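An overview of the molecular structure
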Amino acid sequence: MIIESQIKTSVAKAVKELYGAEITPESVQLQLTRKDMRGDYTVVVFPLLKASKKNPVETGGDLGSFIQNDCSDVAGFEVIKGFLNLQLSTSFWLGVLNANAHNEAIGIKESDENSPLVMIEYSSPNTNKPLHLGHIRNNLLGYSLSRIVSANGNRVVKTNIVNDRGIHICKSMLAWKKWGEGQTPESTGLKGDHLVGNYYVRFDQEFKKEQAALIESGLSKDEAEAKSPLMKEAREMLLSWEAHDPEVYALWEQMNKWVYSGFDVTYKKMGVDFDKIYYESDTYKVGRDMVLEGLDKKVFYRREDNSVWADLQNDGLDEKLLLRTDGTSVYMTQDVGTAKLRYDDYAIDKMVYVVGNEQNYHFKVLAILLDKLGLEWGKDLVHFSYGMVELPEGKMKSREGTVVDADDLMVDMIDTAREMSKGLGKLDGYSEEEAEKVYETIALGALKYFILKVDPRKNMTFDPKESIDFNGNTGPFIQYTYARIQSIYRKAEAKGIAIPKAANLNVEMSDKEVQLMSMISNFTAVVEEAGKVYSPAIIANYVYDLAKEFNQFYHESPIAVEEDEDKRAMRLLICKAVGQVIKNGMWMMGVDVPERM
RNA sequence: GGUCCAGUAGCUCAGUUGGAUAGAGCAAUAGCCUUCUAAGCUAUGGGUCGUGGGUUCGAAUCCCGCCUGGAUCACCA
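Residues numbered from 1 in each chain as written. Chains lettered and ligands numbered in written order. Predicted model: local features only at pLDDT ≥ 70, side-chain atom pairs only at ≥ 80, totals over all residues. Heavy atoms only, no water.

**Quick look at the overall build of chain A**
When helices and strands are tallied, chain A shows 20 helices and 15 strands. Here chain A holds 597 residues, and the buried ones make up 52% of them. Across chain A, every contact between residues at least 6 apart in sequence was considered, and the portion connecting residues at least 24 apart equals 75%. Carbon and sulfur atoms make up 48% of the accessible area of chain A, which totals about 27700 Å². Computing the positive centroid from 72 side-chain charges and the negative centroid from 91, chain A places the two 2 Å apart. (Helix = DSSP H or I, 4+ residues; strand = E, 2+ residues; numbered from the N terminus. Buried < 20%, exposed > 50% of the residue type's maximum accessible area, 1.4 Å probe, protein only. Contact = heavy atoms within 4.5 Å. Areas by Shrake-Rupley, 256 points an atom, 1.4 Å probe, with all protein chains shown as cover. Lys, Arg positive; Asp, Glu negative; His and termini not counted. Charge placed at Lys NZ, Arg CZ, Asp CG, Glu CD.)

Next comes the structure, spelled out in structure tokens:
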């Protein structure tokens, strides 16, 4: 904001002229004035007392008078304790209003071919089971981040690494082969990912039975696991897969295909997408080659048993296995390979991994490995580490059936939205299809906002027994505010009133109106902050505050029905600006806004 | 045990680089629809900011100790 640097400069000038001390404008502590106080900007005077050698109130008074003379936009001031509250002139705020009201791209910076390229990896599912609430948080965060990063003027590539190979998928395959009786999504009517997930659960059940029997016969738990015929069969299947056994490979392709068609439906419903998808089955061998190359370059070393390791003790970490004794890849190997492919495919300036905080150590190691292997952005990779979603009873466990399924949850939300909406009866006149679209918008708005408003780094709890709210600090509240604004336009239009180009600079503004403009003018800074610290929650909380503020304004002021033409014009423009900021802010969370609800 | 993260109202969460009387929502209670959408607005109650020190004009925020919870340290992914 230009006005902020003007004030800071003016403060520095005042300190010099009044007290003869040198301070830099950047060191001036300037903040938005608290809502319950009069004023728009606040200068904290405590740090300036050393220069003034006066008490806080006197110093504030000196500075206030000086700034009021020095800055034409400052219309008045008030000193309370050690705080100098400056009031800007109404015409200043009206200028801000006129400059922003018709800006549809408010808060969004365009990118061009020279803008930094940021690649964002998110979702990254395993192909042995359907998506659950934990994945929802990942997907929503990843998608929202991509929008926020792009709104900050970067080029963005959304990417997904699908973990489509490994022992987990072999378990599902084996169980299907043994007990599936040829079931398909078509024959059962199940979504493919759910069908495959059922066999993953089935495997675990059978395995547990087997284990229990072995323990009964006197083996320890570890021995039982090692001796388990089922587990052995699964491991053999993995080896067959790596050897490209045609039968195993065909089954693998078949089951993955089912899973992908299931995922596609879930992703679509969730409203997320990708620009480039990588598959672990393509990348793990590249990773192996990279490691062997690193071995040649003495970056890594081989042990007597033939396994390959990285020694990271000089980096304050441990030694890390990269290739097993039998030469096969581990998880880390695969990530190195994926990074290499991405590096070849794109001129990446920054790589962001949206992955849960349980993998903090993994990414610390990955950054060092990539750096050692010479990938430029390696050591600067960003692990966007988010917290777990927990149930009131604790962690979700796929195999124990305590997960909240993504598809089920979205269906439940839509049902609730439909029920509530019908009860309120506000969509009369909409076709069945139009109304259904609104229910979905609201339901997903509720879900997405619920997830995104929480600081991503923190764990969050979700109680499936208590459905997600539609009142208060929620997505629908914000959507409702937007719909309300659209309704005002309809009302105005019906009265033959158009939204004006600009407001008259002489019109008076209420405190609430000024407050709204202050918030609007702060939007860009909020987007920048959210981009800097990678936090959709900052956008969410801001948009909520704005919507709340708007609703108060709405209640105390007539808008389309205001008689005074100048006031009406000014208020309609405020609506315009607020509506646009809500829309753009929600866009950054991947949330749509309805025209009516 | 080492490393990392978290602890704010009954519950779910905010709280900018240290700033004013720590804020919302939910839940509870009492009001507001002949006026632009009541998914809204207003009011009331609710706090030892885990705890003990320290730094200073000033600490929920920074530093140290402790308590509690979680994650991680695999030839799992």
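**Some words on the protein's contact with RNA strand B**
Neighbouring RNA strand B are 64 residues; Asp305, Thr325, Lys426, Tyr480 and Ser487 lie closest to it. Counting only the atoms of RNA strand B that lie within 4 Å of the protein, the sugar and phosphate share comes to 63%. In this structure, a phosphate oxygen belonging to RNA strand B sits 2.7 Å away from a side-chain N or O atom of Lys81. Within the contact set of RNA strand B, a phosphate oxygen lies 2.9 Å away from a backbone nitrogen or oxygen of Thr461. Residue assignment for the surface near RNA strand B shows that the elements contributing at least two residues are β2 (41–44), β4 (83–88), α15 (406–424), β15 (460–461), α17 (475–494) and α19 (536–556). Across the surface near RNA strand B, the residue classes tally to 26 nonpolar, 21 polar and 17 charged. (Near = heavy atom within 4 Å. Polar contact = N/O pair within 3.5 Å; in protein donor to acceptor, adjacent residues only side chain to side chain. Nonpolar A, V, L, I, M, F, W, Y, C, P; charged D, E, K, R; others polar.)

**A few points about the sheet that holds strand β12 (residues 382–386)**
Reading across from one edge, β7-β6-β5-β11-β12 is the order of the five strands in this open sheet, with parallel pairing throughout. A single partner strand is all that each edge strand has here, and the edge strands are β7 (276–279) and β12. Taken pair by pair, the neighbouring strands of this sheet meet at an average axis angle of 25 degrees, ignoring direction. (Pairing = 2+ DSSP bridges. Axes fitted to C-alpha atoms, helices over the stretch in contact; angles between N-to-C directions.)

**A closer look at the packing of aromatic side chains**
Here the structure, examined in full by the defined rule, presents 19 aromatic pairs. Between Trp241 and Tyr249 the ring centres are 5.8 Å apart and the planes differ by 20 degrees, which places this aromatic pair in the stacked class. Here Tyr249 falls in the buried class, since its relative accessible area comes to 18%. With a centroid separation of 5.2 Å and 75 degrees between ring planes, the pair formed by Tyr267 and Phe274 is classed as edge-to-face. Residue Tyr267 is classed as buried on the basis of its relative accessible area, which comes to 9%. (Phe/Tyr/Trp six-rings, centres within 6.5 Å; stacked < 30°, edge-to-face > 60°.)

**Section: the domain arrangement of chain A**
Many structure descriptions define interface size as the accessible area lost when the parts assemble. Taken as a whole, chain A is organised into domain 1 (2–88) and domain 2 (406–588). Averaged C-alpha coordinates put domain 1 and domain 2 at centres separated by 35 Å. (Domains from an automatic or database assignment.)

**Things to note about the sheet that holds strand β14 (residues 394–395)**
Pairing is mixed in the open sheet, where three strands are placed in the order β14-β13-β15. Each having just a single partner strand, β14 and β15 make up the two edges of the open sheet. The pairing of strand β13 (residues 389–391) with β14 spans two bridges and is classified as antiparallel. Bridge assignment links Glu390 to a residue of β14, and that residue is Lys395.

**Some remarks on the packing of helix α5 (residues 133–151) against helix α16 (residues 432–452)**
It is the contact of α5 with α16, at a shortest axis distance of 10 Å, that shows an interaxial angle of 85 degrees. The angle between α5 and α16 falls in the class roughly perpendicular. Residue-level contacts link Leu133, Ile136, Arg137, Leu140, Leu141 and Ser144 of α5 to Leu447, Lys448, Ile451 and Leu452 of α16. The class makeup of the residues in the contact of α5 with α16 is seven nonpolar, one polar and two charged. (Parallel < 35°, antiparallel > 145°, perpendicular 65-115°, else oblique.)

**Points about the environment of Lys268**
On the secondary structure map, Lys268 appears in helix α11 (residues 246–270). Sequence separation between Lys268 and Leu219 is 49 residues, and the spatial gap between their C-alpha atoms is 48 Å.

**Structural notes on the pattern of salt bridges**
Taken as a whole and judged by the stated rule, the model has 31 salt bridges. Across the pair Lys54 and Asp62 runs a salt bridge, and its minimum N-O distance is 2.9 Å. Judged by its relative accessible area of 33%, Lys54 falls in the partly exposed class. Put simply, Arg418 and Glu436 hold a salt bridge, and the shortest N to O gap is 2.5 Å. On the criterion of sequence distance, the pair formed by Arg418 in helix α15 and Glu436 in helix α16 is long-range, its members being 18 residues apart. (Salt bridge = Lys/Arg side-chain N within 4 Å of Asp/Glu carboxyl O.)

**Observations regarding the side chain of His362**
When you line up the elements, His362 lands in helix α14 (residues 360–372). With relative accessibility at 9%, the residue His362 sits in the buried group. Excluding residues that lie within four positions of it along the chain, His362 makes contacts with Tyr331, Met332 and Asp335.

**Observations regarding helix α18 (residues 511–533)**
With 23 residues, α18 ought to run about 33 Å at 1.5 Å a step, and its terminal C-alpha atoms sit 32 Å apart, in line with that. Of all bends in α18, the biggest is about 40 degrees, found at Phe523. Taken from the residues just after α18, Tyr534 is the one with a positive phi, measuring 55 degrees. (Expected span 1.5 Å × (residues − 1). Bend = angle between axes of the 7 residues up to and from the residue.)

**Digging into the layout of surface pockets**
Counted as a void, the second largest pocket has a volume near 630 Å³. Taken together, 25 residues form the lining of the second largest pocket, with Gly39, Asp40, Asp511, Val514 and Gln515 sitting closest to its centre. Looking at which element gives the most residues to the lining of the second largest pocket, the answer is α18, with eight residues. When the residues that make up the lining of the second largest pocket are grouped by side-chain class, the tally is ten nonpolar, eight polar and seven charged. (1 Å grid on protein atoms, 1.4 Å probe; cavity = no way out; pocket = protein on both sides within 12 Å on 5 of 7 lines; lining within 4 Å. Points joined across faces, edges and corners; volume = space filled by probe spheres on them.)

**Notes on the packing of helix α1 (residues 2–19) against helix α3 (residues 56–70)**
The geometry of α1 relative to α3 is characterised by a closest axis approach of 9 Å and an angle of 120 degrees between their N-to-C directions. In terms of crossing hand, the pair formed by α1 and α3 is right-handed. Taking contact as the criterion, the partners of Ser10, Val11, Lys13, Ala14, Val15, Glu17, Leu18 and Tyr19 in α1 are, on α3, Thr59, Asp62, Leu63, Phe66, Ile67 and Asp70. (Left-handed = near helix turned anticlockwise from the far one by under 90°.)

**Some remarks on the confidence of the model for chain A**
Here chain A averages 93 in pLDDT, and 100% of its residues register 70 or above. Among the prediction metrics, the complex's ipTM stands at 0.96, with pTM recorded as 0.95. (pLDDT = per-residue confidence, 0-100.)

**A few points about unusual backbone geometry**
In this structure, Lys81 is a non-glycine residue whose phi angle is positive, near 50 degrees. Relative to the helices and strands, Lys81 is located in the loop between β3 (74–80) and β4. By relative accessible area, which is 67% here, Lys81 ends up exposed. Of note, Ser123 is a non-glycine position whose phi angle comes to about 80 degrees, a positive value. If you trace the backbone, Ser123 turns up in the loop between β5 (117–121) and α5. Judged by relative accessible area, which is 4%, Ser123 ranks as buried.

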